[in-house]
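# Coordinate analysis (summary)
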Amino acid sequence: MGTFRPLHDGWTVASADSSVEPVPAAVPGCVHTDLLAAGRIPDPYLDENETALRWIGHTDWVYETAFQWDGGDDPRVDLACAGLDTVATVTLNGVELGTTANMHRSYRFDARPYLRPGENRLRVHFGSAYRYAEEMRAQLGDRPNAYPDPFNLIRKMACNFGWDWGPNVVTAGIWQPIGLHSWGTARLAAVRPLVTVEDGVGRVAVHVDVERESDEPLAVSAAVAGFRAETTIPPGERTAVVTLEVRDPELWWPRGYGEQARHLLDVTLRSAEGAAVDTWQRRIGFRSVRLDTTPDAHGTPFTIVVNGVPVFARGVNWIPNDTFVTRMTRERYAERLEQACDANVNLLRIWGGGRYESEEFYDLADELGLLVVQDFLFACAAYPEEEPLASEVAAEAREQVTRLASHPSLVAWFGNNENIWGFHDWGWPERLEGRTWGEGYYMRVLPDIVAELDPTRPYWPGSPYSGRPDRHPNEPAHGSMHIWDVWNDRDYTHYRDYRPRFVAEFGYQGPPAYATLRRSVSDEPLAHDSPGMRHHQKALDGDAKLQRGLDAHLPAPRDFDDWHYLTQVNQARALALGIEHFRSLRPLCMGTVTWQLNDCWPVTSWAAVDGDGRRKPLWYALRRSYADRLLTIQPRDGDLVLVAVNDGVEPWRGPASVTRLAINGEPRGKTAVDLDVPPHSAVTLALPADVTGSEDPRRELLLAETEGQRAWWFFAEDKDIAYPAPEYEATAEPLPDGWRVTVHAGTILRDLALFPDRLDPSASADELLVTLLPGETATFLVKSQLPLDRAALTRRPVLRCVNDVTAPGR
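Because the structure is predicted, anything quoted here is derived from the model rather than measured.

Okay, the overall build of the chain next. Secondary structure assignment for the chain yields 17 helices and 44 strands. Here the C-alpha atoms of the chain give a radius of gyration of 28 Å, agreeing with the 28 Å that 2.2 N^0.38 yields for 810 residues. Once the C-alpha set of the chain is aligned to its principal axes, its extents read approximately 85 × 65 × 65 Å. The buried share of the chain, taken over its 810 residues, is 61%. For the chain, the share of sequence-separated contacts (at least 6 apart) that also reach a separation of at least 24 residues comes to 68%. Looking at the chain as shown, the accessible area adds up to about 29200 Å², and 48% of this sits on carbon and sulfur atoms. In the chain, the 82 positive side-chain charges and the 116 negative ones have mean positions that sit 2 Å from each other.

Laid out in structure tokens, this is it:
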């Protein structure tokens, strides 16, 4: 059997020009985190430090270590580099082993001839990513992109160069494991299990590629779920397929649809004498997946079908959860994905400007039943299709499709993020002057690789894409679409103008939690336009767009505390409105993927969970709007209707009521309806005009109720509603792990929220944005690691509601 010896110890990093002397280096890691750990730079995530540190990405860096080698007997010893970021020259004992130019693939170099007994010195020189990209620009010609830096001219994580939610921190380093792999006879170079289920039979076609050191016959066996099969690889041959059949296997289902059964797949490679020379092991899931795009009367659907069942995608977009991706641990991944599950999410789309996510990410998604769509890594730019980039793209794609083939959570590959749309609408043809822009990747290279290596999963050329090159790529009636005129140009109520088949991106901004701001921005006083706040707002005209949203819906903030609360409320309302509208259109619309779940640093952004992992009010709105059972009041053709959406596996039956109320809680009209909603469907119910009509929209509202669920409809915007000054009684009582805060309303309390992180950065509440009528009570459970001020828990700015801005005072 071969052995792998990690080479992760004893590294130093220094600038190639000696302007930065050697400091200890973590491997895996990157130069920014090494310099930060050594005290050589301030934290790039704090204040405006990022700007002063951009020189790092323009500098060459050298990583060095020494290690002992005993001159073992194995005929092959490879230096296996799982990931080098990015433009690297690898030298062993003064001999160049090879060069790299792609962060998104692994490399392997034959080190045996250059190793010597005793001490060996390994050196990795990283050239500036900027310089390489500029060389590619000079060689291949310029290509348009959405941002100033040339991220599209190097195979590196694009958002390292800055995005409209992320910092510019162009990293370099050994970002994945590195070590010596000693082996003989042969090794498993790649294992690709292709899993299908048909007519109750699960099949696993285990495709094996071997690298040989001898030409002897080999045997490869595979075992799963109590079944085993074996085949022979004749002398000189380097590929084989072992096929297993399992009758009536336990299936893997998306969360909410069934269990996530996984089965251990063992693959063993043996020599002619029967000795095991290499092994491979993963957990797989038996499930089928297809993308239903069969044209219908409304256009072209876009429906993910798992095990024959159409799944409504209650989704979120995923970006790298830390710009310094080597700081991500399984625990951090688990925390974020569990937050997604707790918000009733069932799908994550991994956006194309980041990375192909880690084994930890995908293993957790498999375990939790989260569906995953993975973009190939092209985003918001034209990409050259010439060498040397073309070969790197193909090698990267082949490696990643193979690497991820075992994961049942991965249900589709998307070719790119917004590049086909960009070519059509962003003025690229004139700027390109006939140069390539990536179409050949999305329409030929990538679909051919997926079809060859993993035909069990669907491929879609882009996000968005409408299904045909002669149709606008962002056509709502066809395929998948992105909605960005809302946020950029129009009010969020215009989400209701759309009747899409699948929304792969839509979003609205809000600031991070107060504790996150206070940790990352030292401005005094803190204001929405203070220097640190401005620096941590990366979107074009972001503050002006936030203000436009406030002006349309909410009272004018009196201070920063009001601004912070109201912009977070507006973000939550915008996404709730969009999600509920799109879900109410089921089955016409079969997916909403909000932008975005997470942040990579502390920033005002579209995220539901901020850069420090704190849940924003939007997260609580997602949990409500993505619930299996949703009750929502929707405008239809000039009237209001009640829509009941059931994404559960059981029918939803029971009584519901819709009441028109005065703002003081007095009933003005009421109707009763009976719900009978089959699983995985939506039912629309008409409502009588004497309930839905209001002669005094500033002082009336609608409330729909069933089984503890509520849906609200306000006839006027909050800035125009005649809210009374908020009256309530609030008490706080200590618990072993925090506090119980109880609020009894004397008047309506609109979007009542509790922000205990203002008192203890570790504190959080179990619920947010609760609307109470007079006489009603809400209880918030607060978890906290520190003692809290009892009085502060029950007053502004910790305890808030919209009408404490509209009409100040208790």
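So, on to unusual backbone geometry. It is generally the case that most residues other than glycine have a negative phi and that most peptide bonds are trans. Cis geometry marks the peptide bond from Arg-586 to Pro-587; its omega dihedral reads 10 degrees. Tracing the backbone shows Pro-587 in the loop between helix H14 (560-584) and strand S30 (591-594). In this structure, Ser-18 is a non-glycine residue whose phi angle is positive, near 70 degrees. Of note, Ser-18 is situated in the loop between strand S2 (12-15) and strand S3 (23-24). Judged by its relative accessible area of 57%, Ser-18 is exposed. Backbone geometry at Glu-433 places phi at a positive 55 degrees, although glycine is not the residue there.

Turning our eyes to something else, we now look at the sheet that holds strand S39 (residues 738-745). Strand pairing in a sheet relies on backbone hydrogen bonds, with the paired strands running either antiparallel or parallel. In space, the 4 strands of this open sheet follow the order S38-S39-S43-S41, with antiparallel pairing throughout. What marks the edges here is a single partner per strand, and that holds for strand S38 (728-735) and strand S41 (764-765).

Bringing the packing of helix H4 (residues 330-342) against helix H5 (residues 359-368) into the picture now. Look at H4 against H5: their axes get within 10 Å of each other, and the N-to-C directions meet at 35 degrees. As H4 packs across H5, the resulting crossing turns out to be right-handed. Contacts from Arg-330, Tyr-333, Ala-334, Leu-337, Glu-338 and Cys-341 of H4 reach H5 at Glu-360, Phe-361, Asp-363, Leu-364, Ala-365, Glu-367 and Leu-368. Grouping the constituent residues of the contact of H4 with H5 by class yields 8 nonpolar, no polar and 5 charged.

Turning to helix H3 (residues 129-140), a few remarks are in order. The end-to-end C-alpha distance of H3, which contains 12 residues, comes to 16 Å, matching closely the 16 Å that a straight helix rising 1.5 Å per residue would cover. If you follow the buried residues of H3, they end up packed against strand S7 (87-92), strand S8 (95-101), strand S10 (118-127) and helix H6 (389-403). The residue sitting at the N-terminus of H3 and contributing the capping side-chain oxygen is Ser-128; that oxygen lies 3.2 Å from the backbone nitrogen of Tyr-130. Looking one or two places after H3, you find Gly-141, whose phi comes out positive at around 95 degrees.

Moving on to the packing of H14 against helix H15 (residues 617-625). H15 packs onto H14 with a crossing angle of 20 degrees between their chain directions and a minimal axis gap of 8 Å. Considering the angle they form, H14 stands roughly parallel to H15. Regarding H14 and H15, the two cross each other, and that crossing is right-handed. Counted together, Gln-568, Gln-571, Ala-572, Leu-575, Ala-576, Ile-579, Glu-580 and Arg-583 of H14 and Pro-617, Leu-618, Ala-621, Leu-622 and Ser-625 of H15 form the full contact between these two elements. Looking at side-chain class alone, the contact of H14 with H15 contains 8 nonpolar, 3 polar and 2 charged residues.

Turning next to the environment of Leu-251. Along the polypeptide, Leu-251 turns up in the loop between strand S17 (239-247) and strand S18 (263-270). Separated by 49 residues in the primary sequence, Leu-251 and Gly-202 have C-alpha atoms spaced 8.9 Å apart. Setting aside anything within four residues of it in sequence, one finds Leu-251 in contact with Val-197, Glu-259, Ala-261, Phe-286 and Asn-307.

Within the secondary structure, Asn-803 sits in helix H17 (residues 803-806). Accessibility expressed as a relative area gives 0% for Asn-803, which makes it buried.

Analysis parameters
- Residues numbered from 1 in each chain as written.
- Predicted model: local features only at pLDDT ≥ 70, side-chain atom pairs only at ≥ 80, totals over all residues.
- Heavy atoms only, no water.
- Helix = DSSP H or I, 4+ residues; strand = E, 2+ residues; numbered from the N terminus.
- Rg over C-alpha atoms; globule rule 2.2 N^0.38 Å.
- Buried < 20%, exposed > 50% of the residue type's maximum accessible area, 1.4 Å probe, protein only.
- Contact = heavy atoms within 4.5 Å.
- Areas by Shrake-Rupley, 256 points an atom, 1.4 Å probe, with all protein chains shown as cover.
- Lys, Arg positive; Asp, Glu negative; His and termini not counted.
- Charge placed at Lys NZ, Arg CZ, Asp CG, Glu CD.
- Pairing = 2+ DSSP bridges.
- Axes fitted to C-alpha atoms, helices over the stretch in contact; angles between N-to-C directions.
- Left-handed = near helix turned anticlockwise from the far one by under 90°.
- Nonpolar A, V, L, I, M, F, W, Y, C, P; charged D, E, K, R; others polar.
- Expected span 1.5 Å × (residues − 1).
- Polar contact = N/O pair within 3.5 Å; in protein donor to acceptor, adjacent residues only side chain to side chain.
- Parallel < 35°, antiparallel > 145°, perpendicular 65-115°, else oblique.

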